[in-house]
Every structure is written in C-alpha cells, then in structure tokens.
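Here is how the chains run, residue by residue.
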Amino acid sequence: MQKNSAFARMIFIISAVLALVAGVMSYQLLFAPKEMQMMRTFGEPRAIAPFEGKTHNGETFNQESFVGKWSIVFFGFTTCPDVCPTAMSNINQVMQKLPEDIASSTQVVMVSVDPERDTLERLNKYVPAFNKDFIGINAGLEETRKLTESIGVTFYKIPGHDDPDNYLVEHTARWFIIDPLGRRYALLTPDEVLPGEDLVSTVARDFEILREQSEF
C-alpha cells in the first residue's frame with residue numbers, strides 16, 4: 001500500500017513538473033519578445049539631413065518624402081551587373097511576402113549612386129521593372145552625397161581600363177529602414193543571412209517584428 005502511495009506521489013510530482021515546464025514554454029512562445037535575425041536597429045534614430053532629388057516620374061523627393069510611411073531604401077545604379085538587380089528582386093519578393101497592411105504602408109526607394117548616367121528616363125525603365133510601386137531617385141551628385149552621409153553610405157567610381165566613361169560604382173549594399181518620422185531606424189546586410197536560411201523569408205519576418213515592436 002505504501003509503495004502504491006509513493007508511486008502515486010512520484011507520478012503526481014512528475015506530472016506537475018512537466019506541466020510547469022510546458023507552461024513556461026507556452027508563456028515564452030506567446031509573450032516573450034521576438035528577436036530579429038538580420039535586422040539591426042540603431043541605438044538612436046537619426047533624422048535624415050535635408051536633400052532634394054527627383055523621382056523617376058519627375059516628382060520632387062526630399063527628406064520630407066520619408067515622413068508618414070516606413071521606407072526600405074537601397075542605394076544602387078542601373079548598370080550594376082549583379083548586386084543591384086539581385087537586391088531589387090529580393091526586396092520585391094519581401095514586399096510580396098509581407099501582410100497587406102504592412103506592405104501598403106511601406107515604400108521602397110532606390111537612390112542612384114550614379115546620378116551622372118542614371119537619367120530619369122533610364123530610372124523610369126529600370127526601377128518599375130522590379131515593381132511598379134518602387135521609387136527611383138536621382139538627386140545629382142552633391143545632393144546624393146548629403147543623403148548618403150546622413151544615412152551612412154559610401155560610394156565611389158571604379159574607372160574602366162580602356163574607357164573612362166565605362167566605369168562601375170562601388171557602394172554600400174546594405175538595406176536601410178527609415179521610420180515614419182523620417183529617421184534612419186534600422187539596417188540589414190543581405191550577405192549576413194545564415195546558411196540554410198532563406199533571405200526573403202528572414203527579412204520579411206524581421207520587418208514584421210520591427211513593425212510590431214515599434215511605437216508606430
């Protein structure tokens with residue numbers, strides 16, 4: 001009889017411990033803060049310095065154009081052989097993967113780091129080819145430098161061997177997130193995706209978490 005009683009107590013204790021562990025795990029899954037894998041927020045969001053450019057449709061675009069929406073900003077150029085078209089394609093896939101309410105309140109902006117060659121006409125053919133809602137910006141060299149210095153982007157020409165006009169542009173390939181107050185809020189580096197992880201799914205998940213945890 002005592003053995004049965006001791007066995008019953010043991011079963012009760014084990015069941016209670018398992019229930020407690022299950023409860024803690026459930027709590028963590030439901031209420032613990034979600035962590036982003038690739039996206040990193042800046043400790044202090046920084047306002048974008050004043051600048052002015054034109055969209056591929058010829059409309060004025062400046063620091064105020066970031067206010068009121070979230071923005072995913074990429075710096076590139078239309079004759080970029082691989083990094084830029086890959087990034088634009090990936091950003092498009094991220095936008096397609098996001099819930100409608102998040103996607104509709106997010107604008108994607110590609111700022112040209114080759115404003116001498118990337119005319120509005122060229123941008124008008126290039127940028128909408130990835131997504132009709134994406135915005136291409138030519139701000140001229142001086143205004144582009146104001147914006148890149150404000151966000152933390154570098155770019156410079158790599159001259160061609162035979163033709164100085166046939167140059168490439170080395171540039172920061174990170175994606176930057178601007179919040180609805182027009183502040184540099186977060187960034188991600190696509191090359192940092194973990195082995196076996198899907199870049200598009202990871203970024204879409206991170207962006208959803210970022211939006212959920214933000215004050216907006």
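Use the structure listed above.
Residues numbered from 1 in each chain as written. Predicted model: local features only at pLDDT ≥ 70, side-chain atom pairs only at ≥ 80, totals over all residues. Heavy atoms only, no water.

*Asks:* Teacher, can you tell me more about the environment of Thr79 here?
*Replies:* With respect to the secondary-structure elements, Thr79 resides in the loop between strand E4 (70-76) and helix H2 (83-97). When the C-alpha atoms of Thr79 and Arg122 are compared, they prove to be 9.9 Å apart, with 43 residues separating the residues in sequence. Sequence-distant contacts of Thr79, defined by excluding residues within four places in its chain, comprise Asp114, Arg117 and Arg122. At 3.3 Å, the side chain of Thr79 forms a polar contact with the side chain of Arg117. (Helix = DSSP H or I, 4+ residues; strand = E, 2+ residues; numbered from the N terminus. Contact = heavy atoms within 4.5 Å. Polar contact = N/O pair within 3.5 Å; in protein donor to acceptor, adjacent residues only side chain to side chain.)

*Asks:* Help me understand the layout of surface pockets, please; the structure alone is not making it clear to me.
*Replies:* By rolling a water-sized probe across the atoms, one finds the places where empty space is left. In this structure, the largest pocket spans a volume of roughly 260 Å³. As for the largest pocket, its lining consists of 14 residues, of which Met95, Ala103, Ser104, Thr106 and Asp133 are closest to the centre. When residues of the lining of the largest pocket are traced back to their parent elements, those giving at least two are H2, helix H3 (100-104) and strand E5 (106-112). Residue classes in the lining of the largest pocket are distributed as 6 nonpolar, 5 polar and 3 charged. Computed from the structure, the second largest pocket encloses a volume of approximately 190 Å³. For the second largest pocket, the full set of lining residues is Phe74, Val83, Thr86, Ala87, Asn90, Ala173, Arg174, Trp175, Thr189, Pro190, Asp191 and Leu199. At 4 residues, the largest contribution of residues to the lining of the second largest pocket is made by H2. Split by residue class, the lining of the second largest pocket holds 7 nonpolar, 3 polar and 2 charged. (1 Å grid on protein atoms, 1.4 Å probe; cavity = no way out; pocket = protein on both sides within 12 Å on 5 of 7 lines; lining within 4 Å. Points joined across faces, edges and corners; volume = space filled by probe spheres on them. Nonpolar A, V, L, I, M, F, W, Y, C, P; charged D, E, K, R; others polar.)

*Asks:* I keep staring at the environment of Arg183 and nothing clicks. Help me out?
*Replies:* Looking at where Arg183 falls in the secondary structure, it is placed in strand E10 (residues 183-188). As for Arg183 and Ser150, which are separated by 33 residues in sequence, their C-alpha atoms are 9.9 Å apart. If we ignore the near neighbours within four places in the chain, the residues touching Arg183 are Pro45, Arg46, Ala47, Ile177, Ile178, Glu215 and Phe216. Within polar-contact distance, the side chain of Arg183 engages the side chain of Asp179 at 2.7 Å.

*Asks:* Can you help me understand H2 in this one?
*Replies:* Owing to its 3.6 residues per turn, the α-helix brings residues three or four apart onto one side. Across its 15 residues, H2 extends 21 Å between first and last C-alpha, which sits within 8% of the 21 Å expected from 1.5 Å per residue. Taken together, the buried positions of H2 are occupied by Cys84, Ala87, Met88, Asn90, Ile91, Asn92, Val94 and Met95. (Expected span 1.5 Å × (residues − 1). Buried < 20%, exposed > 50% of the residue type's maximum accessible area, 1.4 Å probe, protein only.)

Bear in mind that shape data such as this cannot, by itself, settle questions of function.
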